[in-house]
Amino acid sequence: MTEDLSEDLSQKLRQLRDAGLAPPVLDSIKRRMRKLERPVNLMEVCGTHTVAISRAGLRQILPPGLRLLSGPGCPVCVTDQQDIDTVIELAKEPGMVLTTFGDMMRVPGSDSALQSEKAAGRDIRVVYSPLDALKVARDLPDRTVMFYAVGFETTVPMVAATLEMAEKQGLSNFWVFSVHKTIPAALEALIHMEGARIDGFILPGHVSTIIGANAYKPVLQGKVPAMVTGFEPLDILRAVDLLLAQLVEGRAEVEIEYTRAVTEEGNPTAQQLMAEFFEPSDPRWRGLGIIPGSGLMLRERHFRHDACRRYDLAAVRSRLPAPNKLMAACSCGEVLKGALLPGDCKLFGRACTPAQPVGPCMVSSEGACAAYYMYERHRQQGG
Amino acid sequence: MCLAIPAKVIEIHGVMGKVEIEGNVREVGLRLVPEARIGDYVLVHAGFAAEIVDPREAAATLEIIRGAYQAPGEAAEDLEEEVSGA
Ligand code: SF4
């Protein structure tokens, strides 16, 4: 690619932020809503979209009857309470250095959090990349360095690439605790769930760069309109308009709005690496329960790095604390299904705030509750 | 956890390299984008470049939005053809 084209890109992206381009797209959205003459629920399944929508105030400018719901797109928020408590317990193992993305530090466990364990002297380190965790393992050969692998297909290839390096470097003290989850399986579970009426999906941009639009087709094609979407407010408005167009025309297809980064096939190198190190598992999601085939665990041939084999998890789980009462009142699960908006939770903004979160949806910067609290608490719905 | 802003590749050393993003230089893994060249824009996530961003497609998106939504009063019905995957 030449220098000119690349310079051109920053300029084009700046122009895509031009607010002057939005009104005609909004007009088209309104016209289509008039044609449809019924309420429409569109769901995004990506934390970065959640934040982009809240920050730009898109919910407030869309016509009444058109609702944007936040689905299970924040990896921290969908992590099951038992997994959260298990990792907090593992942090207490002798010789352990637990490495994690920063978002997991404040996620409440039933009677503790990684942050409190760190304050109590456990060796818990925030990393920006699994590569940083690998470096810790290289620097501390006598310790057990465990990486808490939370994320969707956007993060899995990075963890796989890091495992590949660990194997090349012969590092035997680097372990991965995988609670990785995959998006297409969750979408399938969502569309079959009682009570949730979803008229269209705003599909995640980054997950899709890896898996490609084709990965959704077996699940969504012919069933629910879906649009792989970029992250500028204008990308999102245009995706909404195109989803409404599908509804008007009675189509249900998987299409790509975010063509500058996503193809039908996705990133083949990343897919190969994922498949080399991971295989499907049947994890429990917060709010959605067990979804068969929606998780990724390390393949048997890489067991030397699998923290789930390093420790006796059944024994660890038998030591876990009883569920906590306040946390039992958290509606994160309902929010993730699109059944409730964050403001509908009785704890929202009262017992539960970003400074004192009760559920993970209020902790993660990408969580729907945190995004609403930050940007939409004082705004009116509908415009 | 994801960065939506593309970063520019400024150095490549095997599977590692450096990118510049809004004036900051960062080391990133290039294992997932073996075809990346200096000057390309990439999406960076968790310390790795995940995908190369195509400037021609960015331009095309802009053109579509500018063009098809221009005429007031007309629904942007022709847009659908421009979206791939149909
Ligand atoms: S506001 Fe707090 S308690 Fe309520 S659903 Fe969100 S995270 Fe859970």
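Higher on the page you've got the structure.
About the cut-offs
- Residues numbered from 1 in each chain as written.
- Chains lettered and ligands numbered in written order.
- Predicted model: local features only at pLDDT ≥ 70, side-chain atom pairs only at ≥ 80, totals over all residues.
- Heavy atoms only, no water.
- Contact = heavy atoms within 4.5 Å.
- Buried area = accessible area lost by both parts, 1.4 Å probe.
- Salt bridge = Lys/Arg side-chain N within 4 Å of Asp/Glu carboxyl O.
- Polar contact = N/O pair within 3.5 Å; in protein donor to acceptor, adjacent residues only side chain to side chain.
- Helix = DSSP H or I, 4+ residues; strand = E, 2+ residues; numbered from the N terminus.
- Near = heavy atom within 4 Å.
- Nonpolar A, V, L, I, M, F, W, Y, C, P; charged D, E, K, R; others polar.
- Disulfide = S-S within 2.5 Å.
- Buried < 20%, exposed > 50% of the residue type's maximum accessible area, 1.4 Å probe, protein only.
- Core = buried A, V, L, I, M, F, W, Y, C linked by side-chain atoms within 4.5 Å.
- Pairing = 2+ DSSP bridges.
- Axes fitted to C-alpha atoms, helices over the stretch in contact; angles between N-to-C directions.
- Left-handed = near helix turned anticlockwise from the far one by under 90°.

Caption draft 1: Region of the structure containing the interface of chain A and chain B. On the side of chain B, 50 residues touch chain A, which itself brings 65 residues to the contact. Regarding the contact of chain A and chain B, the summed buried area is about 5100 Å², with carbon and sulfur atoms giving 62% of it. In this structure, the connection of chain A to chain B is made through one salt bridge. Joining chain A to chain B, the criterion identifies nine residue pairs in polar contact (both at pLDDT 80 or more). The set of elements that each furnish at least two residues to the side of chain A that touches chain B consists of α1 (3-16), α2 (22-36), α7 (130-139), α8 (156-168), α10 (205-211), α12 (233-249), β9 (254-256) and α13 (268-277) of chain A. Here the side of chain A that touches chain B takes ten residues from α1(A), the largest share from any one element.

Caption draft 2: Highlighting the site of the ligand. Close to the ligand lie Cys330(A), Ser331(A), Cys332(A), Cys345(A), Leu347(A), Phe348(A), Cys352(A), Val358(A), Gly359(A), Cys361(A), Met362(A) and Cys369(A). Within the shell around the ligand, the residues separate by chemical class into ten nonpolar, two polar and no charged.

Caption draft 3: Quick look at the state of the cysteines. All names here are of chain A. Within the structure shown, the criterion is met by two disulfides over all chains. Paired through a disulfide, Cys74 and Cys77 show a sulfur-sulfur distance of 2.3 Å. Disulfide Cys74-Cys77: torsion about the S-S bond near 70°, hence right-handed. Per residue, the accessibility class of Cys74 equals that of Cys77, and both read buried. Across chain A, the disulfide pattern expressed with sequentially numbered bonded cysteines is 1-2, 3-4.

Caption draft 4: How the structure looks around the environment of Lys92(A). Residues and elements named next belong to chain A. Among the structural elements, Lys92 can be located in the loop between α5 (81-90) and β3 (96-100). Along the sequence, Lys92 and Lys118 sit 26 residues apart, while their C-alpha atoms lie 9.9 Å from each other. Each residue touching Lys92, except ones within four places of it in the same chain, is listed here: Glu117 and Arg122.

Caption draft 5: Broad picture of the side chain of Glu232(A). When you line up the elements, Glu232(A) lands in the loop between β8 (226-228) and α12. With near-sequence residues (within four places) excluded, Glu232(A) lies in contact with Leu16(A), Arg17(A) and Arg260(A).

Caption draft 6: Examining the nonpolar core more closely. The biggest cluster of nonpolar side chains holds 146 residues, and the ones touching the most others in it are Leu114(A), Tyr148(A), Leu187(A), Phe201(A), Tyr216(A) and Leu220(A). Take this core: its biggest share by element is nine residues, from α12(A). Apart from residues lying up to four places away in sequence, Phe201(A) is in contact with Met43(A), Leu187(A), Leu190(A), Ile191(A), Leu220(A), Val224(A), Pro225(A), Ala226(A), Met227(A) and Leu243(A). Core analysis: the second largest hydrophobic core is formed by twelve residues, Ala7(B), Val9(B), Val42(B) and Ala49(B) among them.

Caption draft 7: Region of interest: the pattern of salt bridges. All names here are of chain A. Tallying each qualifying case throughout the model produces 26 salt bridges over all chains. Linking Arg122 and Glu117 is a salt bridge whose minimum nitrogen-to-oxygen distance equals 3.1 Å. Taken together, the shared-partner salt bridges in this structure form one network comprising Glu89, Lys92, Glu93 and Arg319.

Caption draft 8: Region of interest: the sheet that holds strand β6 (residues 174-178) of chain A. All names here are of chain A. One open sheet accounts for four strands, arranged β4-β3-β5-β6; its pairing is parallel. Both outer strands of the open sheet, β4 (124-126) and β6, are each paired with one neighbouring strand and no more. Neighbour-to-neighbour, the strand axes of this sheet turn through a mean angle of 25°, independent of strand direction. Where strand β5 (residues 144-149) and β6 come together, five bridges link them in parallel fashion. Bridge assignment links Phe147 to a residue of β6, and that residue is Val176.

Caption draft 9: Region of the structure containing the packing of α8(A) against α13(A). All names here are of chain A. At a closest axis distance of 8 Å, the pairing of α8 and α13 adopts a crossing angle of 65°. The handedness of the crossing between α8 and α13 is left-handed. Along its contact with α8, which presents Val156, Pro157, Ala160, Ala161, Leu163, Glu164 and Glu167, the element α13 presents Ala270, Leu273, Met274 and Phe277. Grouping the amino acids of the contact of α8 with α13 by side-chain chemistry returns nine nonpolar, no polar and two charged.

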